[in-house]
Structures are given as C-alpha cells and as structure tokens.
Amino acid sequence: MGKIMEEAVKKYYEIQEKNLQGGGAKHMERQHKRGKLSARERIETLVDPGTFKELGSSVGTTSIRIDGRIPEAPCDGAVVGTAKVNGRMIMVHASDFTVLGGSVGAQHMLKFSRPIEMAAMWRIPYVILLDSSGGRLGYRDVPMAGIDWQFRLQAVYSGVIPQITVLMGPCIAGGAYIPALCDFLIISRNSGNMWLGGPRQTQAATSEVIDKNVGGADYHMQLSGTCDLVGDTDEESINQCRELLSYLPQSFKEAPPRREQTDDPEREVEALADLVPDEYEKTYDMHDVIGHIVDDGNYFEIKDEYAKNLITCFCRFSGQVVGLVANNPLYPGSILNPDSCDKYYRFLQVLDAYNIPLVNLVDTPPVVPGESDEARGLIRHVGKIADVYATSTIPKISVVLREAYADAGSMIMGGLKSMGADLVYAWPIARFAVESSQLDYRQVYGKGIEEDAYESYLGRSREKVDVFEAGRTWTAQIIDEIILPKDTRKKIIEALEITGNKEEDLPKRAKNHGTPPI
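Predicted, not measured: the structure shown is a model, and the values here were computed from it.

**Q** What is the right way to read the nonpolar core from this model?
**A** The nonpolar side chains of a soluble globular protein tend to be buried, and buried together. Residues Leu46, Leu129, Leu244, Phe314, Tyr344 and Phe432 are the most contacted members of the largest nonpolar core, which totals 63 residues. For this core, the element with the highest residue contribution is helix α12 (residues 338-353), accounting for 7 residues. Residues in contact with Leu129, not counting those within four places in the same chain, are Arg42, Ile43, Leu46, Val92, His93, Ala94, Ser95, Val166 and Met168. Formed by 32 residues, the second largest nonpolar core is a distinct cluster that contains Ile124, Ile147, Phe151 and Ile178.

**Q** Even after reading the chapter, I still don't get the environment of Met28, so can you show me in this structure?
**A** Considering the arrangement of structural elements, one finds Met28 in helix α2 (residues 25-33). Met28 sits 69 residues away from Phe97 along the chain, and the two C-alpha atoms are 8.9 Å apart. Leave out the neighbours within four places in its chain, and Met28 touches Leu20, Gln21, Gly22, Ser38 and Thr98.

**Q** Which parts of the structure should I look at to understand the sheet that holds strand β3 (residues 88-95)?
**A** In a beta sheet, neighbouring strands pair by backbone hydrogen bonds and run either parallel or antiparallel. Spatial ordering of the open sheet is given by β1-β2-β3-β4-β5-β7-β9, a layout of 7 strands whose pairing is mixed. Either end of the sheet is taken by a strand with one partner, and the two such strands are β1 (53-55) and β9 (229-231). Strand-to-strand, the axes of this sheet are offset by a mean angle of 20 degrees, without reference to chain direction. The pairing of strand β7 (residues 184-188) with β9 spans 3 bridges and is parallel.

**Q** I would appreciate a short explanation of unusual backbone geometry in the present structure.
**A** It is generally the case that most residues other than glycine have a negative phi and that most peptide bonds are trans. For Asp76, which is not a glycine, the phi torsion comes out positive at approximately 55 degrees. Along the chain, Asp76 turns up in the loop between β1 and β2 (78-85). Even without being a glycine, Asp296 presents a positive backbone phi close to 55 degrees. Tracing the chain through its elements places Asp296 in the loop between α11 (286-293) and β10 (299-302). Since its relative accessible area comes to 43%, Asp296 is described here as partly exposed.

**Q** What exactly am I supposed to notice about the pairing of strand β11 (residues 310-317) here?
**A** If a strand is regular, its side chains alternate between the two faces of the sheet. Within β11, 8 of the 8 residues are buried, which leaves the element mostly enclosed by the surrounding structure. Residue alternation in β11 divides its side chains into two sets, Leu310, Thr312, Phe314 and Arg316 and Ile311, Cys313, Cys315 and Phe317, and both sets are buried. Two elements, β10 and β11, share 4 bridges in a ladder whose sense is antiparallel. Each residue of the ladder has a partner; that of Glu301, found in β11, is Cys313.

**Q** I'm lost on the side chain of Ser188 in this one. Help?
**A** Counting through the fold element by element, Ser188 comes out in strand β7. Note on Ser188: relative accessible area 0%, which makes it buried. Filtering out sequence-adjacent residues up to four positions away, Ser188 remains in contact with Leu167, Met168, Ala217, Gly231, Asp232, Thr233, Asp234 and Ser237.

**Q** Looking at this structure, I do not really get the packing of helix α4 (residues 106-122) against helix α5 (residues 147-156). What am I missing?
**A** Describing two packed helices takes the angle between their axes plus the distance from one axis to the other. Where α4 meets α5, the closest approach of the two axes is 9 Å, and the angle between their N-to-C directions is 20 degrees. Taken as axis vectors, α4 and α5 run roughly parallel relative to one another. α4 and α5 meet at a crossing whose hand is left-handed. Residue-level inspection shows Met109, Leu110, Phe112, Ser113, Ile116 and Glu117 of α4 in contact with α5, the latter providing Ile147, Trp149, Gln150, Leu153 and Gln154. Residues belonging to the contact of α4 with α5 are distributed by class as follows: 7 nonpolar, 3 polar and 1 charged.

**Q** Looking at this structure, how should I read the packing of aromatic side chains?
**A** Centre-to-centre distance and the angle between the planes together describe a pair of aromatic rings. Evaluation of the coordinates by the stated rule reveals 6 aromatic pairs. Pairing Tyr12 with Tyr13 gives two aromatic rings, centres 5.3 Å apart and planes at 75 degrees, and the pair type is edge-to-face. Of the residues examined, Tyr13 reaches a relative accessible area of 55% and is grouped as exposed. Each ring, one from Phe151 and one from Tyr177, has its centre 5.6 Å from the other, and the planes form 90 degrees; the classification is edge-to-face. In this pair, Phe151 sits in helix α5 while Tyr177 sits in helix α6 (residues 177-180), placing the two residues 26 residues apart along the sequence. Within the aromatic cluster, the residues linked to one another by ring pairs are Phe184, Tyr247, Phe300, Phe314 and Phe347.

Rules behind the numbers
- Residues numbered from 1 in each chain as written.
- Predicted model: local features only at pLDDT ≥ 70, side-chain atom pairs only at ≥ 80, totals over all residues.
- Heavy atoms only, no water.
- Core = buried A, V, L, I, M, F, W, Y, C linked by side-chain atoms within 4.5 Å.
- Buried < 20%, exposed > 50% of the residue type's maximum accessible area, 1.4 Å probe, protein only.
- Helix = DSSP H or I, 4+ residues; strand = E, 2+ residues; numbered from the N terminus.
- Contact = heavy atoms within 4.5 Å.
- Pairing = 2+ DSSP bridges.
- Axes fitted to C-alpha atoms, helices over the stretch in contact; angles between N-to-C directions.
- Parallel < 35°, antiparallel > 145°, perpendicular 65-115°, else oblique.
- Left-handed = near helix turned anticlockwise from the far one by under 90°.
- Nonpolar A, V, L, I, M, F, W, Y, C, P; charged D, E, K, R; others polar.
- Phe/Tyr/Trp six-rings, centres within 6.5 Å; stacked < 30°, edge-to-face > 60°.

The following block contains the structure:
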C-alpha cells in the first residue's frame, strides 16, 4: 500500500469512527437517559442483522453559523442506507438527535430527499426513523433547507412505494408534514411528539397555554387520527414497523408477500353462530369474529383507538394478505360518523394503491344525521368513501352478518353489487332496509301530514327485507349467495381465489385522479 492510499484509508477509518460516536458520549448518554435509542441502535433494531449498508457516511455539514463557525456534525445528523427487513430490501433514514439535536440543514435534507428518489427507482419501501428538533435555526442554509423538495417527492411517490415514519422524538412546524405525507405513522408513547406549533411556540404566538399531552402519541391516535400505531418504547414502535412491512408489497408493481399456509382453508367456524346474537338490538365485539376467521387468529389493527366503531386491519386468509374493514357493534351501534369515514377512506386508499384485496364484514345501521356531524361535513365524508370504493380496482368481497341499512351498510360497506363489490355473501339472519328507526313519523309531522302518506311512503322506508327475499332475484343487485356462518372463512378464501386475476380499467382521463369530496 502506497503512502497516499495509506493516508486515505486512515482518513476513511477516522470518519467511520466519528460516525459511530454520533454527537459524542455526553449526548449519547443523555439520549439513553431519556429512554431513547441512538440512530444506529434504532436501525439495528429495525433491520435483519448485518444487512445495513450505509450511504453518504462521509457527508458532513455545510451549515455555517451566523458567526462563521462550522460545527462538528457526523453524517450531518442523518444516517441513511439500504437494509433488509424479513429478507426484503428497504431504504432507511434515521435522524440522529445527538448531532445538533437532529436538526435539518442542507446536507441533512438531501439525505432525506435523495434516498426517496432512489427507493422509488429501485421499487423498495422507504422508512424514516424520525427524531429531530426541526430546522437548523441560526445557520445560513435555513429556514427551508430544501424541505419543500422533500414534501413534493413524498407526494409524487405516494402510492408508488410504501412510506412509513416511526416518530421517536419531537416533530415541529413544517417538519410535521413529513410523517403526515407517509402511508403510515407510528409514534413512540415514551418519546414522540408532533405539533405544527409546540407549547412554547403556541404560547409565544397566541398566549394560549396548551396541555403537555397535546401532540403526544395518544393524542394523535385517539383525537386527531393522524397516528396509525402506538408503541410504548422505541423498540416496540420499531418492531411494529417490522410487522407492518410484512403485510406490504415492495411497490405498487407487486402483490404483498404470501406466507406459507398454516391454517386449514377448509376450516369451519362453528362458534360464529353463538358469537353473533340473532337478536338485532344486542351488541357484540367484532374483534371476536375476526379472530376466529383469519389465519391462526392473527390480525394487525390500524388506528385501533380511533373511531372504534369501525375496525381496519391487515390479516391473512390461506396465507394471502387482505385488508379487512368491519363495523363494530360494540361501539355506538357501529354507526359511521366523520371520523370513521376518514379512517375507512385512508385505509382503502392504501389497499388500492398496493394491490391488497378488501374484505368487508357488515353489520351496521344507516349513517345517523345530527347537528354536530352535519356541521363537520358528514355528507362529504360519506361521499368520499363512495368515491374511493367505486373507483378502487382491487378485489372487493363483503359478508353481511346481520344488518346492512341504507348508505352505511348497503352502499359504502360493500353491501350493494352496483357500487363495485365483486362478491357479496350474507348470513341467513341478514336483513336490509333504508333505515332502522322505528319512530312513527306521524309523531314528528303532526297534523300536517297527508292521511295516506305514512302507509304509502313514510312507513315503507323502515321495512326490513330479510336475506331470502333479497336473494330471490339478482336484479335487486344485493347479494350473490346466502352462506352459513360456519362457512364464512371458507367462502372468503374461495372468493379471493376467484377474484385473484381481476382486471378492471377505469375510464381514461388526462389526470390520474378525479375530484372526490375532500
């Protein structure tokens, strides 16, 4: 080895050693005392052992302070590279809070945005392990530092490759759009917080003192609906990301990975007839039904603490990944409202983008109007589900367990063939109607109602049509077949096989989107 090569190799090892130390022992110790992993520890937790291959390890900061000083910043606070998760390739970005608080300067931002272009070109998922104090204020290459470029690339490649953020630190102001633009957001309850304006910024701007819990994991799971999954610690949150990736394809060009069959596809589920009461006013937990029919009883729920009257989850039937959407009568009668509509809409968008079949388990009364929900835009929320359901081209399979009423059960939960459902099955106790109310309209309209209006029209809207009446003619376009409860699992697997080669082309248009309700 010549002298020049020897010096170059020495410099290489010096850079790599500094990178491993991050912001130094003092900052690393502080990170651990807060119950947080370092950037490289997070990557090691996420990926298969020995598979991480770093990119841009020699990058340092070009950020110059207002006083002209250039700080020491290994990797400019961003560790980036490729790796494998469950044997499949991903691109991963981990912000390093021990280096200038994980703040974003020009090189850091390029290590955000350039990898997403590479991941999209290589057709591999992009995972962000986020722990950043935001823009690197006080430096000449801030405030924007190219973050607008990142926003555009995330939007352009949305639905092309899966994008997932695991938030394990602060996420403030413009940086909060990065996780919001991803397909999925996982937040660590111990360390993750996200605001457009944090407590100090809000108080400075408006004098409002906001609760310390605003912006935390539970806040964004239960109230804002921005979060998809919550973990108690960094490790738990990252392991949720590993599991989530197992249900997703590498890109929109592929189907999700199929697992070896471990549960008998011909298995009958006798318990279903007892789990679901045949007295329609009685409630039950739809989770029990799901646990009995999916492979090995395993399912992966999304937004489990948000809009709990609707369940959205990934699961497998005979090894095939499926997105399952189900009403849950355990919560306010499984009635759909603006929040559950948002939850359904977002989930179905992801399913359609990544070629994941939809299975609906239906048991719901109609959407119930009321002043509060009407003011929140109930009409447009239901409208956008109707839009995405009608225009999604994945296999769509529905099973009506008990009730499918009006717009909620019959239309947007896939209880009507004409909305685009491929196969609709119904249990023998299923019934259909325009509405579920038993109120005598004459009590509402009083003497102003025509004498024959109640019998001729108003009383008809709540008439219940049982499944045998509905099944007498296909022109009703309601169901394809009546099935026994015990055969529900078998029929879903059968339907997935039947629709496996489905092809559906939407009308050609100049743009690749319509104009759905917002």
